[in-house]
Amino acid sequence: MIHFLEQLVNMASPSGQERQVGEFLADRLQEFGFTVTRQPVDSDRFNILATTKHDPSILFCTHMDTVSPVIPFKRDGATLWGRGCCDAKGQITVMLTAARRLKQAGINNIGLLFVVDEENISAGAKAAATLPVSPDYIIVGEPTDNKLATGQKGVLVCRITAAGTGGHSSMPDQGRSAIHDLVRFLHPWLTRQWGRDPVLGQTFVNIGKINGGTGANILAPQATAMAIFRVTTSIQDIKNQLIDHVPDSIEIEILSASEPQTLIALPGFDTTVVGFGTDAGYLRPLGKILLFGPGSITTAHRQDEHITVEDLETGVTLLEKIVKQLLKRIQT
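Per chain, the residues get numbers from 1 upward, laid out in the order the sequence is written. Reporting of local features is limited, given that this is a predicted model, to residues whose pLDDT is at least 70; pairs of side-chain atoms are given and counted only at 80 or more, and all residues count toward the totals for whole chains, interfaces and linings. As a rule here, side-chain values come from all non-hydrogen atoms in the structure, and water together with hydrogens is ignored.

Asker: Honestly, the sheet that holds strand β13 (residues 222–231) in this entry has me stumped. Any pointers?
Answerer: Any two strands are treated as partners once DSSP identifies two or more bridges connecting them. Each helix is a run of H or I in the DSSP string that is no shorter than four residues. Each strand is a run of E no shorter than two, and both are numbered from the N terminus. Read across the open sheet, the four strands follow the order β12-β13-β9-β14; overall the sheet is antiparallel. Looking at the sheet topology across the chains shown, the edges are occupied by β12 (204–212) and β14 (250–258). Between one strand and the next, the sheet's axes are offset by a mean angle of 15°, whatever the strand orientation. With eight bridges connecting them, β12 and β13 associate as antiparallel partners. Bridge pairing links N206 to I228 in β13. The axes are straight lines fitted to the C-alpha atoms, using for helices just the contacting stretch, and the angles between their N-to-C directions are given from 0 to 180°.

Asker: Is there a simple way to explain the pattern of salt bridges in this structure?
Answerer: Side chains carrying opposite charge are able to pair once their charged atoms draw close together. Here, a salt bridge means any side-chain nitrogen of Lys or Arg that lies within 4 Å of a carboxyl oxygen of Asp or Glu. Enumeration according to the criterion identifies 13 salt bridges in this entry. Between R83 and E305 there is a salt bridge, with the nearest N and O atoms lying 2.8 Å from each other. In this pair, R83 sits in the loop between β5 (79–81) and α3 (89–104) while E305 sits in the loop between β17 (288–292) and β18 (306–308), placing the two residues 222 residues apart along the sequence. As far as burial versus exposure is concerned, R83 and E305 are alike and both buried. Salt-bridge contacts for E253 lead to R159; the nearest nitrogen and oxygen are separated by 2.7 Å. Here E253, found in strand β14, pairs with R159, found in strand β9 (residues 154–163); they are 94 residues apart in sequence, far enough to count as distant. Accessible area is worked out with a 1.4 Å probe on protein chains only. A residue is then buried under 20% of its type maximum, exposed over 50%, and partly exposed in between.

Structure follows, in structure tokens:
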């Protein structure tokens, strides 16, 4: 299991570059006796659906892409380090290990779905929602500290574009800087109260990327920013607030949006509520959703991303227990 995770982590797969890890997983799944379907997402990327001879009643799903930069695998005793160790190549490893054990135990109605682009705009999950499968349950793999998440915040991703006129910086009255307009427009977002839910907490926004301009001595003719909202009320509520007081020089484009989610809990398992977004909302057309996985979101996307061997082993054991409890529900 650890060697498999090492191989995955050492394959670069930031969003948009998942093909190599996709080919690797497709080959391994076929070796393990699964029937593999590649679902094209765009010209160079595909989702992977792995099934047995039986239609899947339960589908494991997580994502193949990671954030940048690539950080190679390293083991330090019982701790495993590297990009994707917990988000989400650790989830892939645990799911595949559990699926193989269940298959060997004669449980053949388990499938696996690995998607691209979760760290961007969830293009993979949106495509996967059209697959010709209808499982009763989908277990989405994300780092939840090996607890079942009963709720998650929604996500709204947007691009904000400002248009200026350019000009010489020594004559600001003779032109308009798009960067100045963009900064003035976005600054109030950081202190605005966007909404609150009694369970999921506060909605907040992160302005994660800004581009624009051509030089310090030139009034910027154009500037863009990327922002993500962690939504606890509703997507429409945030959209309504976004269209208030938008000047003519500013354009807001919604790139992706997913509502806050209420998720399934099971007796006998620890639960949590998570503040991060997942593919869960986009996968609802396929089946009922559970959210579970080893590792902590506090290390995801960081330079020191890591997971422990114990977390992985516990994740496999709990995932098998979740499947068996769900199968009893299905049978009754």
